[in-house]
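# Report on the structure
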Amino acid sequence: GLKPGQRKILYACFKRKLNPKIEIKVAQLGGYVSEHTAYHHGENNLAMTIVGLAQNFVGSNNINLLAPRGQFGTRALGGKDAAAARYIFTTIPEHTRHLFHPADDALLNYLNEEGQDIEPEWYMPTIPMVLVNGSEGIGTGWSSQVPNYNPLDIIANLRRRMKGEDPVPMHPWYRGFKGAIELEAPGAARYKVGGIVRQPNPDDNKTWEIVELPVQTWTTSYKEFLEEKVSGSEKVPSTIKDYKEYHTDTTVHFIIELNQKGEEEIKAKGPETFFKLTTTKTTSNMVLFDADGKIKKYSSAMEILEDFYLLRMSFYQKRKVRRKADRKRGSLLMLYSVHRTTSSRR
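A short tour of the structure in this document, coming up.

### Some details on the overall build of the protein
A tally of regular secondary structure across the protein gives ten helices and 16 strands. Dimensions of the protein, computed from C-alpha atoms along their principal axes, come out at roughly 105 × 50 × 40 Å. The buried share of the protein, reckoned over its 346 residues, is 40%. The distance from the centre of the 49 positive side-chain charges to the centre of the 40 negative ones in the protein is 10 Å.

### Quick word on the pattern of salt bridges
Applying the stated rule across the entire model yields 17 salt bridges. Taking the shortest distance from any N to any O, the salt bridge between Arg329 and Asp326 comes out at 2.7 Å. Taken as a pair, Arg329 and Asp326 lie in helix H10 (residues 301-345) at a separation of three residues, close to a single helical turn. By relative accessible area, which is 48% here, Arg329 ends up partly exposed. Linked by salt bridges that have partners in common, Asp104, Arg312 and Arg319 make up one network.

### Some remarks on the nonpolar core
One finds Phe100, Leu131 and Ile154 to be the most contacted residues of the largest nonpolar core, which totals 52 residues. Every element with two or more residues in this core is listed here: helix H1 (4-15), helix H2 (26-37), helix H3 (43-54), helix H5 (129-132), helix H6 (151-163), strand S15 (286-289) and H10. The residues contacting Phe100, other than those within four sequence positions of it, are Leu2, Leu10, Phe14, Leu65, Tyr123, Pro125 and Met129.

### Thoughts on H6
Relative to the 18 Å expected for 13 residues at 1.5 Å per residue, H6 spans 19 Å between its end C-alpha atoms, a close match to the ideal helical length. Listed in full, the buried residues belonging to H6 are Pro151, Ile154, Asn157 and Leu158. Buried residues of H6, seen end-on, are gathered within an arc of 125° and therefore sit on one face of the element. Away from its buried face, by an angle of more than 90 degrees, H6 presents the exposed residues Leu152, Arg159 and Lys163. With a side-chain oxygen lying 3.0 Å from the backbone nitrogen of Leu152, the N-terminal cap of H6 falls on Asn150.

### Observations concerning helix H8 (residues 260-269)
Listed in full, the buried residues belonging to H8 are Gly262, Glu263, Glu265 and Ile266. Residues of H8 that are buried sit in contact with strand S11 (207-212), helix H7 (219-231), strand S13 (254-258) and helix H9 (271-274). At the N-terminal boundary of H8, the capping side chain belongs to Asn259, with an oxygen 3.2 Å from the backbone nitrogen of Lys261. One or two positions beyond H8, positive phi appears at Gly270, with a value near 95°.

### Concerning the pairing of strand S4 (residues 110-113)
Both S4 and strand S5 (residues 116-120) contribute to a ladder of three bridges, which runs antiparallel. Within S5, the residue paired with Asn112 across the bridge is Asp117. Between S4 and S5, which pair antiparallel in sequence order, lie two residues; one of them, Glu114, sits at a positive phi of approximately 50°.

### Looking at the sheet that holds strand S2 (residues 67-69)
Adjacent strands of a sheet pair through backbone hydrogen bonds, lying either parallel or antiparallel. Taken together, the three strands give an open sheet; going across it, the order is S1-S3-S2, and neighbouring strands pair in antiparallel fashion. Single-partner strands in this sheet number two, and they are strand S1 (24-25) and S2. When S1 meets strand S3 (residues 89-91), the two strands line up antiparallel, connected through two bridges. Within the sheet, the bridge partner assigned to Lys25 lies in S3 and is Phe89.

### Let's talk about the sheet that holds strand S9 (residues 190-194)
The strand order S8-S9-S14 describes an open sheet built from three strands, whose pairing is antiparallel. The sheet terminates laterally at strand S8 (180-183) and strand S14 (278-282), the two strands that pair on one side only. The average undirected angle you get between the axes of adjacent strands in this sheet is 30°. Of the strand pairs in this sheet, S8 and S9 are connected by four bridges, and their pairing is antiparallel. Its bridge partner being in S9, Leu183 is matched across the sheet by Tyr191.

### Remarks on a positive patch on the surface
Judged by side-chain charge, Lys320, Arg323, Lys324 and Arg327 come together as a positively charged surface patch. For Lys320, the position within the fold is in helix H10.

### Considering the environment of Asn64
Residue placement: Asn64 occurs in the loop between H3 and S2. The class for Asn64 is buried, based on a relative accessible area of 8%. Taking the C-alpha atoms as reference points, Asn64 and Asp81, 17 residues apart in sequence, are found 18 Å from one another. Excluding its chain neighbours within four sequence positions, the residues that come into contact with Asn64 are Leu53, Ala54, Gln55, Asn56, Pro93, His95, Thr96 and Arg175. Engagement of the side chain of Asn64 in a polar contact is seen with the backbone oxygen of Leu66, the distance being 2.8 Å.

### Comments concerning a nonpolar patch on the surface
A grouping of Trp142, Phe289 and Ile295 is seen on the molecular surface, where their side chains present a nonpolar patch of about 340 Å² in accessible area. Residue Phe289 is classed as exposed on the basis of its relative accessible area of 60%.

### Quick notes on the packing of H2 against H3
Two measures define how a pair of helices packs: the angle their axes make with one another and the distance between the axes. Orientation of H2 relative to H3, taken along the N-to-C sense of each, is 115°, at an axis distance of 9 Å. Here H2 runs over H3; the crossing is right-handed. Each of Val26, Leu29, Gly30, Gly31, Val33 and Ser34 in H2 lies in contact with H3, whose residues at this interface are Glu43, Leu46, Ala47 and Ile50. Residue composition of the contact of H2 with H3, grouped by class: six nonpolar, three polar and one charged.

Rules of the game
- Residues numbered from 1 in each chain as written.
- Predicted model: local features only at pLDDT ≥ 70, side-chain atom pairs only at ≥ 80, totals over all residues.
- Heavy atoms only, no water.
- Helix = DSSP H or I, 4+ residues; strand = E, 2+ residues; numbered from the N terminus.
- Buried < 20%, exposed > 50% of the residue type's maximum accessible area, 1.4 Å probe, protein only.
- Lys, Arg positive; Asp, Glu negative; His and termini not counted.
- Charge placed at Lys NZ, Arg CZ, Asp CG, Glu CD.
- Salt bridge = Lys/Arg side-chain N within 4 Å of Asp/Glu carboxyl O.
- Core = buried A, V, L, I, M, F, W, Y, C linked by side-chain atoms within 4.5 Å.
- Contact = heavy atoms within 4.5 Å.
- Expected span 1.5 Å × (residues − 1).
- Arc of directions from axis to C-beta.
- Polar contact = N/O pair within 3.5 Å; in protein donor to acceptor, adjacent residues only side chain to side chain.
- Pairing = 2+ DSSP bridges.
- Axes fitted to C-alpha atoms, helices over the stretch in contact; angles between N-to-C directions.
- Patch = residues over 30% accessible without salt bridge, like charges linked within 9 Å, V, L, I, M, F, W, Y side chains within 5 Å.
- Areas by Shrake-Rupley, 256 points an atom, 1.4 Å probe, with all protein chains shown as cover.
- Left-handed = near helix turned anticlockwise from the far one by under 90°.
- Nonpolar A, V, L, I, M, F, W, Y, C, P; charged D, E, K, R; others polar.

Structure follows, in structure tokens:
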């Protein structure tokens, strides 16, 4: 569930032994990552990736792997309003080390670049983070889009799999999102994501209230759309008389007053279409690297979960084998120590 830059950052945080009581400036962490992981790009890109791992507003991470200490961005601009890297701090929250358990560290395949040991080829989290926080990107000849899923649904399905029961289908889920995410049709690979619009007074057709926007529709961008409806143009007449804003860092709240033209249009189109409060999420383009480093196109979240389950179980077996070997080695060292002590006394 991590891109190479994100993996390098996580490796550097573990190497530096960060914990909830130890903070580090984002700019300083960027320098540390560059030094210890053979990072070949600009530190500005690295700082943006660190900020992305710590963001926790609606539409970003379901579980943020770094802790935001300072202004790491809001849903107003989709995180682009984050403060400069020299002013904000981060650390490893407690839950990250539960997801990437220290007992797996010695089992990973660490890479080496020009004699320097760097991050592992991939990490083995306790739940599939590619489903928890989603993934989106473009590679040579491929693009990939994986929506976010609810960690509790993922854990419940993993437990069902361990008991030999059939998994329950999962649907995209974004922490803090109050709108609806629904399948466009039974068995379809597309979901309709809707915001929330309502009339504060059912008898007043002029006044409407928007209290949620579709996932990853940012407040400032939407405000620009409303401005266009207020000002109008030669081809498209004005449909909104005025609007007011009552947002917070985490919530959306517009109160909109329509003009006569707007009232007619909203009756004909319906409020969701008039206010453009629906978007789509697709699960038909989930392209990922498998454990062998080969590109694989997954047809569903359940298929990703099954691949993860088999790999994760093999790592629990590796843990047991290593623990047994460590105990045996410890016993031999103890016997050797006792033997040496006895010999020296003689």
